[in-house]
Amino acid sequence: MATSFMRPSAENHVTPVIVHEGVIPIVFVPGVMGSNLKNTSQGEGWLVDDSASLANWIFKDAEQRKSILNPSDTEVDPEGHVPQDIARRYIDRVSGDTIPTDELLRERGWGEVANMSYGDFLVWLENQLNIEASSAFSTLESNLTRHYIGTRGLSEEQAQARAKRNAQTLGRFNFPVHACGYNWLQSNSDSAAELAQRVDEIIAGYRQARMTCRQAILITHSMGGLVARYYSEVSGGNANLLGIVHGVMPTTGAAVFYRRMKSGTESQAFSPSSWATSQVLGASSREMTAVLAQAPGPLQLVPTPEYGNGWLRIEKPGESTLTLPTANDPYTDIYLERDHWWGMMDETLAMPELGLGAPDRQRELHEAWESYAKLVSHDVAKFHADTQGKFHTNTYLFYSDSDAHPSYGTVTWHGREASYGSDTLMGARMMDQYGERRMITERDSRDRPRFYQYTISDADEPGDGTVPVRSGSTGTAQARESLAVATEHEPAYNQEAARWFTLASLLEIAEQWE
């Protein structure tokens, strides 16, 4: 019998468990907007405990959003809600008292991540990895056998053998579940440095507690996968990692990011919850651009050159369709396009605090553009180049390939000519130019003004509602195992097949302990 330290920063908090070989910490890395943030000067922040904690964002305008969600003034908030229903109880060695669950899980970083999105999954994972009764091991083997038969296509004999090895691996190690929130507004390379520090601290803590702990396993969601890959393959962190399990990672970016910068967050008709989500995240380009133009992390979610050419289309009757990017250069063709209305960033929206009569308005708008252009040229393009094609040698990943959850593979502006006259001019003045439609004045071959109304397309490719399959499935050739599931993006880890794939994958990774 040995004592297993479940809080590496506090050596006197332990619980007796059988330890055959050591500790393999599991570190969960959330997606964009999945970490709780606080503004260090204003006190407000981004807290994702539940729907109520986000409700006030429905009423925040573009200027307020830009001020609160400023990368320079924000940091991770560790005081988010943590669940209370983990099964195992841990004992203080000195007092003999049970350690409060809230205290234990905050030590592990659970308060840093969105309870609304990840709380149920983290509890499920912690409970599956810390079973003790023989009957619980039998149930686990049975569930894993069904997973291998139904999801991975193994024969019953193969599935039973694989599930048995998984259960044996579970008995060899302790698998404490940690989480690492990060400031998702800053560059993902900076977040990778924070992840590196956290993994170092976790491993060192268990070693300090006289436990054998060599490496950790990462589990990621969405943009967290980009953070993990940069840490592992660019910053040299792979020596600290046995492997990584990625869920719904936008490996080559997501065209929906352009859609949201230009038109706000999409919502489904007749769905109050979808409407509320779009209002919270930003229902128009005004709210979205004000925040995103200053935030390198989210900007790194735009489609990369590897995503392919022609994913942005401008159509109107009687003329050839404009398809962009060309020559695998989305930076020049789309993100840094300043002269055409379909360019991704409108600098006037990046500066909502500037009134029309503000002194030095043009100078400040130019500076806003230059700041944004520097982010795209330096932070975004470089991050894409640094991570392209790079994966940990023990990579497992799942993605969604579902027609039920269409994603933006391409974004199309459909144009139609509007008639001349006072009605057209009045309509152009009254139209909301920050949502799904634009009224654009163009010149014909005789330099006469012509009015066109452009409407943005709906999602058009299988995916998870956010990441199209073309991006999510990238990396399957490098992965040891990959799985296509039918899930929505945000609650991906609440989908049964995704959960069991994740659990089986991390146990397969742990089998490679040397």
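Everything numeric here is computed off the predicted structure, so don't read it as measured data.

Novice: What am I meant to see in the pattern of salt bridges here?
Specialist: For side chains bearing opposite charge, pairing can occur when the charged atoms are close. Under the defined criterion, the tally for this structure stands at 22 salt bridges. Arg152 is the partner of Glu508 in a salt bridge, and the nearest nitrogen-oxygen pair spans 2.9 Å. Of this pair, Glu508 sits in helix H18 (residues 496–510) while Arg152 sits in the loop between helix H5 (134–150) and helix H6 (156–172), and the two are 356 residues apart along the sequence. A relative accessible area of 8% means that Glu508 is categorised as buried. A single network of salt bridges, built from pairs that share partners, joins Glu417, Asp444, Arg448 and Arg450.

Novice: Any chance you could explain empty space enclosed by the protein here in plain terms?
Specialist: To find leftover empty space, a probe the size of one water molecule is rolled over the atoms. All chains considered together, the criterion is met by one cavity of 30 Å³ or more. Space inside the largest cavity adds up to approximately 110 Å³. Lining the largest cavity we find 15 residues, and of these Thr251, Thr252, Thr304, His384 and Thr387 sit closest to its centre. Elements represented by at least two residues in the lining of the largest cavity include exactly helix H8 (224–234) and helix H15 (361–387). Considering each element in turn, the lining of the largest cavity owes the most residues, three residues, to H15. Of the residues that constitute the lining of the largest cavity, the class distribution is five nonpolar, eight polar and two charged.

Novice: It is not clear to me how the packing of H8 against H15 should be interpreted in this structure. Could you clarify?
Specialist: Put simply, H8 and H15 touch, their axes get as near as 10 Å, and they point 60 degrees apart. With respect to each other, H8 and H15 are oriented oblique. Considering only the axes of H8 and H15, their crossing is left-handed. On H15, the residues touching Leu226, Arg229, Tyr230 and Val234 of H8 are Phe383, Asp386 and Thr387. In terms of residue class, the contact of H8 with H15 is made up of four nonpolar, one polar and two charged.

Novice: When you look at unusual backbone geometry in this model, what are you seeing that I'm missing?
Specialist: Most peptide bonds take the trans form, and the phi angle of most residues other than glycine is negative. Backbone torsion omega between Leu324 and Pro325 reads -5 degrees, so that peptide bond is classified as cis. The phi dihedral of Met33 falls on the positive side, at around 70 degrees, and the residue is not glycine. Here Met33 is to be found in the loop between strand S4 (26–29) and strand S5 (37–39). Residue class for Met33 comes out partly exposed when judged on its relative accessible area of 25%. Phi at Val248 takes a positive value of approximately 40 degrees, unusual for a residue other than glycine. You can see Val248 is positioned in the loop between strand S11 (241–247) and helix H9 (256–263). For Val248, a relative accessible area of 1% puts it in the buried group.

Conventions adopted
Residues numbered from 1 in each chain as written. Predicted model: local features only at pLDDT ≥ 70, side-chain atom pairs only at ≥ 80, totals over all residues. Heavy atoms only, no water. Salt bridge = Lys/Arg side-chain N within 4 Å of Asp/Glu carboxyl O. Helix = DSSP H or I, 4+ residues; strand = E, 2+ residues; numbered from the N terminus. Buried < 20%, exposed > 50% of the residue type's maximum accessible area, 1.4 Å probe, protein only. 1 Å grid on protein atoms, 1.4 Å probe; cavity = no way out; pocket = protein on both sides within 12 Å on 5 of 7 lines; lining within 4 Å. Points joined across faces, edges and corners; volume = space filled by probe spheres on them. Nonpolar A, V, L, I, M, F, W, Y, C, P; charged D, E, K, R; others polar. Axes fitted to C-alpha atoms, helices over the stretch in contact; angles between N-to-C directions. Parallel < 35°, antiparallel > 145°, perpendicular 65-115°, else oblique. Left-handed = near helix turned anticlockwise from the far one by under 90°. Contact = heavy atoms within 4.5 Å.

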